[in-house]
Amino acid sequence: MTEALNVLGEKLEICCTSPMTGFYRDGYCQTGASDFGSHVVCAELTADFLEFTKRRGNDLSTPRLEYSFPGLKPGDRWCLCVSRWKEALDSGVAPPVVLSATHQKALEVVPIEVLQEHSLLNN
């Protein structure tokens, strides 16, 4: 398996381990053939985004103990589906991105310049 790269062309860094994120729940925004949602954008969640995605049918803020999911709050980092992040961008509520932990596959949907405009300053 080749080393995953981020949108900057460097080694993909960890997004978050508390709570544990990533399609593979390893803390990284890695992807593979079974990740149909392409969970590749590492974002620092905001209240506006959490409300937006809840209205779209993906409630990330409510704990789901049966899945060991604690529920997310503003300030948490999470690997988002690139299509949902783009949808939030188009609606004006995209959360800031951690470029070093965002998988290069995100560039298939969102240009690097757009991600840079929405990046956290110190990530």
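If you're wondering where the values come from, they're calculated on a predicted model, not measured in any experiment.

> Got a sec to walk through the packing of aromatic side chains? Specific residues and values, please.
To describe a pair of aromatic rings, one takes the distance between the centres and the angle between the planes. A complete count under the given rule lists 3 aromatic pairs for this structure. On the numbers, 5.0 Å between centres and 85° between planes, the contact of phenylalanine 23 with tyrosine 24 is edge-to-face. Ring centres of phenylalanine 49 and phenylalanine 52 lie 6.4 Å apart, and the angle between their planes is 40°; this geometry places the pair in the tilted category. Taken together, the positions of phenylalanine 49 and phenylalanine 52, both in helix H1 (residues 47-55) and 3 residues apart, correspond to about one turn of that helix. Across the pair, exposure class does not vary: phenylalanine 49 and phenylalanine 52 are buried alike.

> How would you explain the side chain of aspartate 76 if you had to name every residue and give the values?
By the secondary structure assignment, aspartate 76 is in the loop between H1 and strand S2 (77-81). You can call aspartate 76 buried: its relative accessible area is 8%. Within the structure, the side chain of aspartate 76 is placed 2.9 Å from the backbone nitrogen of lysine 73, a separation counted as a polar contact.

> Requested: an account of the environment of cysteine 16, with residues and values cited.
Relative to the helices and strands, cysteine 16 is located in the segment before strand S1 (39-44). Separated by 60 residues in sequence, cysteine 16 and aspartate 76 have C-alpha atoms that sit 8.2 Å apart. Sequence-distant contacts of cysteine 16, defined by excluding residues within four places in its chain, comprise Thr21, Gly27 and Arg77.

> Talk me through the state of the cysteines; I want residue IDs and the actual numbers.
Disulfide: a covalent bond formed between the sulfur atoms of two cysteine residues. Scanning all chains against the criterion turns up 2 disulfides. Here cysteine 15 engages in a disulfide with cysteine 42; their sulfurs sit 2.1 Å apart. Between cysteine 15 and cysteine 42, the S-S dihedral sits near 80°, and the bridge is therefore right-handed. You can see cysteine 15 sitting in the segment before S1 and its partner cysteine 42 sitting in strand S1, a full 27 residues away along the chain. No difference in accessibility class separates cysteine 15 from cysteine 42, as the two residues are buried.

> Break down unusual backbone geometry for me, with residues and values.
With the exception of glycine, the majority of residues adopt a negative phi angle, and the majority of peptide bonds are in the trans configuration. A cis amide bond links serine 18 with the next residue in sequence, proline 19, at an omega value of 5°. Here proline 19 is to be found in the segment before S1. In this model, arginine 25 sits at a positive phi of 50°, which is unusual for a non-glycine residue. Here arginine 25 shows up in the segment before S1. By relative accessible area, arginine 25 is classed as partly exposed at 46%. Although it is not a glycine, serine 38 sits at a positive phi angle of roughly 55°. Since its relative accessible area comes to 11%, serine 38 is described here as buried.

> With reference to specific residues and values, describe the pattern of salt bridges.
Should the charged atoms of two oppositely charged side chains come close, the side chains can pair. On inspection of all chains with the given rule, the structure shows 7 salt bridges. Of the charged contacts, one joins glutamate 87 and arginine 56 as a salt bridge, the two residues approaching to 2.6 Å between their closest N and O atoms. Of this pair, glutamate 87 sits in helix H2 (residues 82-90) while arginine 56 sits in the loop between H1 and S2, and the two are 31 residues apart along the sequence. With a relative accessible area of 26%, glutamate 87 lands in the partly exposed category. A salt bridge links arginine 84 to glutamate 87; its shortest N-O distance comes to 2.9 Å. Linking arginine 84 with glutamate 87, this pair stays in helix H2, spanning 3 residues, or about one helical turn. Three or more residues joined by partner-sharing salt bridges are found here, namely Arg56, Arg84 and Glu87.

Reading the values: rules and limits
- Residues numbered from 1 in each chain as written.
- Predicted model: local features only at pLDDT ≥ 70, side-chain atom pairs only at ≥ 80, totals over all residues.
- Heavy atoms only, no water.
- Phe/Tyr/Trp six-rings, centres within 6.5 Å; stacked < 30°, edge-to-face > 60°.
- Helix = DSSP H or I, 4+ residues; strand = E, 2+ residues; numbered from the N terminus.
- Buried < 20%, exposed > 50% of the residue type's maximum accessible area, 1.4 Å probe, protein only.
- Polar contact = N/O pair within 3.5 Å; in protein donor to acceptor, adjacent residues only side chain to side chain.
- Contact = heavy atoms within 4.5 Å.
- Disulfide = S-S within 2.5 Å.
- Salt bridge = Lys/Arg side-chain N within 4 Å of Asp/Glu carboxyl O.

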